[in-house]
Amino acid sequence: RNHAPPRGMAMSAPDITTPLRNALLADASLVSQLPAYLGSVPIFTRRPVPANAPYPLLVVSKDINLNDEDGIFDWRPVITRDIAVYNTNENGNNYGVAASIGYTIRNIFHRKKPITVTGWGVTLIQAVGPIDTRIDQDNLTGSVVQLIVRLSQLRTS
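Residues numbered from 1 in each chain as written. Predicted model: local features only at pLDDT ≥ 70, side-chain atom pairs only at ≥ 80, totals over all residues. Heavy atoms only, no water.

Caption draft 1: Layout of the pattern of salt bridges. Counted by the stated rule, this structure contains 2 salt bridges. Residues Arg81 and Asp15 are paired through a salt bridge, measuring 3.4 Å at the closest nitrogen-oxygen approach. Placement of the pair is Arg81 in strand E4 (residues 77-88) and Asp15 in the segment before helix H1 (17-26), with a sequence separation of 66 residues. By relative accessible area, Arg81 is classed as buried at 2%. Residue Asp63 pairs with Arg81 through a salt bridge whose shortest N-O separation is 2.6 Å. Taken together, the positions of Asp63 in the loop between strand E2 (57-60) and strand E3 (65-68) and Arg81 in strand E4 put the pair 18 residues apart, joining distant regions of the chain. What emerges from the salt-bridge pattern is a single network uniting Asp15, Asp63 and Arg81. (Salt bridge = Lys/Arg side-chain N within 4 Å of Asp/Glu carboxyl O. Helix = DSSP H or I, 4+ residues; strand = E, 2+ residues; numbered from the N terminus. Buried < 20%, exposed > 50% of the residue type's maximum accessible area, 1.4 Å probe, protein only.)

Next comes the structure, spelled out in structure tokens:
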């Protein structure tokens, strides 16, 4: 059976926002590095971040890039997302804290499958970084881990 969309008809990629956030929240090592915020920790999936959010905090981007590795009879989206770590720049140790959290994020995802996406199989997640991020505000420092998430459509027959 042909599981690909009809010719000329594009499929939309699944939204991996909630699975990414859930994977971050499920990691005790990461959560222990973040402050308490409204009964959870400051991991955000949209901007702007609330003004009262404590640092360090994480921001999971929307899709930065959407590509595919399609076959003739299936659809395999490749989704690129950034997970940014922001911290205050009030002392030199805070840069190290942001980098450390970045490495924790890398360890959660790189060549692992900590997420479940309904209707899709996770074939590979590659993490790039962490790398320093440019911030326009002098009072902040940051680090970014880029995730390249490869999915495959699960066959139902």
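This is not the end of the story, as more comes after the structure.
Caption draft 2: Broad picture of the side chain of Arg150. You can see Arg150 is positioned in strand E6 (residues 140-153). Here the side chain of Arg150 touches Gln126 through a polar contact of 2.7 Å, side chain to side chain. With near-sequence residues (within four places) excluded, Arg150 lies in contact with Glu69, Pro77, Val78, Gly121, Val122, Thr123, Leu124 and Gln126. (Polar contact = N/O pair within 3.5 Å; in protein donor to acceptor, adjacent residues only side chain to side chain. Contact = heavy atoms within 4.5 Å.)

Caption draft 3: Just the environment of Val59, in detail. Mapping Val59 onto the fold places it in strand E2. Residues Val59 and Arg134, 75 residues apart in the sequence, show an inter-C-alpha distance of 15 Å. When neighbours within four sequence positions are excluded, Val59 is seen to be in contact with Phe44, Arg47, Val49, Asp82, Ile83, Ala84 and Tyr86.

Caption draft 4: Region of the structure containing unusual backbone geometry. A cis amide bond links Arg47 with the next residue in sequence, Pro48, at an omega value of 0°. Take Pro48: it is sitting in the loop between strand E1 (43-44) and E2. Of the consecutive residues Gly129 and Pro130, the connecting peptide bond is found in the cis state with omega at 15°. As for its position among the elements, Pro130 is in strand E5 (residues 120-132). Positive phi is not limited to glycine here, since Leu38 has a value of about 50°. Taking the relative accessible area as the measure of exposure, Leu38 reaches 72% and is therefore exposed. For Arg111, which is not glycine, the phi dihedral falls at a positive 55°.

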